[in-house]
Amino acid sequence: MLPALPGAVVEEIAAFGRYAASRGWVPATSGNFSRRVDARHAAVTRSGIDKGAIAPGDVAVIAIDEPVPPRLSAETPLHLARYRSDAAVGAVFHVHTVAATVLSRLYEREGVVRTDGLEMHKAIGVRTHESTVEIPIFANDQDTFALAARVEARLGADPAVPGYLLAGHGIYAWGATAADARRHLEGLEFLLACHLEERRLR
Ligand SMILES: CSC[C@@H](O)[C@@H](O)C(=O)COP(=O)(O)O
Ligand SMILES: [Zn+2]
């Protein structure tokens, strides 16, 4: 039996969706969001809905270890894989930003986007601006089960950065809570926006 979907979880997901839409991060129904409900279950957005106007019926509870039911986000395997790999992950947010989409194409061959010397590194858990951050990039794949396996194999047990890019696609970020996942996503997006702007000015 699946647990009931807590109203507070729907509201956290819907609130993040409204915020992401206000920043232009979820155009044309893109993006998907999830929140851990308990050790074995997560709430995930349904496929194809407007992520800026999420209603209670647009979110469903599913078992982390069982097959993905129909009509859920096409990228549900990427979310569930994060919950399976790390019991401390409580929320996973995916959005389509311009900086993530452009830089992931420019650096796909290197497999990372590097930023260095930025105070914003501290938003993703790095102690000082005197550091280099490597944001992983994975080739995009419509087979999101195979993609999830590749992502988790490379991230390993303790990823240095709480997020990754899918080439030509967008960005994933996670955290222990919805607030942590949002902070990590905002921090990573800021780093990418700075990198893109610096490249433009060069
Ligand atoms: C609308 S194009 C984007 C989608 O193909 C996908 O990448 C996405 O982010 C949303 O998929 P969804 O199945 O609605 O969760
Ligand atoms: Zn996507």
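What you see is a predicted model, and the numbers here were worked out from it, not measured in a lab. (Residues numbered from 1 in each chain as written. Chains lettered and ligands numbered in written order. Predicted model: local features only at pLDDT ≥ 70, side-chain atom pairs only at ≥ 80, totals over all residues. Heavy atoms only, no water.)

## Thoughts on the UniProt feature "domain: Class II aldolase/adducin N-terminal" (unreviewed entry) in the chain
In plain terms, the rule: UniProt positions are given in the numbering used here, feature names are shortened, and annotations may be inferred rather than shown by experiment. Helix and strand assignments follow DSSP, with helices taken as H or I runs no shorter than four residues and strands as E runs no shorter than two, numbered in order from the N terminus.
On the UniProt side, "domain: Class II aldolase/adducin N-terminal" (unreviewed entry) is annotated at positions that read residues 11-196 here. Structurally, residues 11-196 is divided into 33% helix and 24% strand, and its ends, taken at the C-alpha atoms, are 33 Å apart.

## Some details on unusual backbone geometry
Here is the rule we go by: Each residue's exposure class comes from its accessible area (1.4 Å probe, protein chains only) as a fraction of the maximum for that residue type: buried when under 20%, exposed when over 50%, partly exposed otherwise.
Even without being a glycine, Ala28 presents a positive backbone phi close to 55°. Mapped onto the secondary structure, Ala28 falls in the loop between helix H1 (7-22) and strand S1 (32-38). The phi torsion at Arg71 lies on the positive side, around 75°, for a residue other than glycine. Relative to the elements of secondary structure, Arg71 occurs in the loop between strand S3 (59-63) and helix H2 (76-85). A residue is classified by how much of its surface remains accessible, and Arg71, at 64% relative accessible area, is exposed.

## Details of the pairing of strand S6 (residues 132-138)
Residues in a regular strand project their side chains so that they alternate between the two faces of the sheet. Rules: Two strands are counted as paired when DSSP detects at least two bridges linking them. Call a crossover right-handed when, viewed with both strands pointing away from you, the route from the first strand across the helix to the second goes clockwise.
For S6, the buried fraction is high: five of the seven residues fall into the buried class. Both S6 and strand S7 (residues 163-166) contribute to a ladder of two bridges, which runs parallel. Each residue of the ladder has a partner; that of Phe138, found in S7, is Leu166. Chirality of the crossover, the property in question, places the unit of S6, helix H4 (residues 144-155) and S7 among those that are right-handed.

## With respect to the pattern of salt bridges
How we decide: The salt bridge criterion pairs a side-chain nitrogen of Lys or Arg with a carboxyl oxygen of Asp or Glu, the two atoms within 4 Å.
Going through the model one piece at a time under the given rule, you end up with nine salt bridges. Between Arg18 and Glu11 there is a salt bridge whose closest N-O contact spans 2.6 Å. Look at Glu11 and you get partly exposed, because its relative accessible area is 40%. Residue Lys122 pairs with Glu119 through a salt bridge whose shortest N-O separation is 2.9 Å.

## Considering the coordination of the zinc ion (ligand 2)
What counts here: Donors, by definition, are the N, O and S atoms found within 2.8 Å of a metal, the threshold being 3.2 Å for Na, K and Ca, and water is not counted, so a site can look incomplete.
Surrounding the zinc ion (ligand 2) are the protein donor atoms His94 (NE2), His96 (NE2) and His169 (NE2), which sit 2.1 to 2.2 Å from the metal. In terms of primary sequence, the donors binding the zinc ion (ligand 2) are separated according to H-x1-H-x72-H. Pair noted here: His96 is in the loop between strand S4 (91-95) and helix H3 (98-106) and His169 is in the loop between S7 and strand S8 (170-175), with a separation of 73 residues, a long-range link.

## A word on the site of ligand 1
Put simply, the rule reads: Residues are classed as near a molecule or strand on a simple rule: at least one heavy atom within 4 Å of it. N or O atoms within 3.5 Å of each other form a polar contact, as long as, within protein, one can give a hydrogen and the other can take it, and as long as residues adjacent in sequence are counted only when both atoms are side-chain atoms. Method for areas: the Shrake-Rupley scheme with a 1.4 Å probe, in which residue coverage is limited to the protein chains shown.
Neighbouring ligand 1 are 14 residues; Ser47, Gly48, Lys51, Ser73 and Glu75 lie closest to it. Backbone polar atom of Gly31 to an oxygen atom of ligand 1: 2.9 Å apart, as the coordinates give it. In the environment of ligand 1, an oxygen atom lies 2.5 Å from a nitrogen or oxygen atom belonging to the side chain of Glu75. Here ligand 1 has 420 Å² of accessible area as a free molecule, and 73% of this is covered by the chains.

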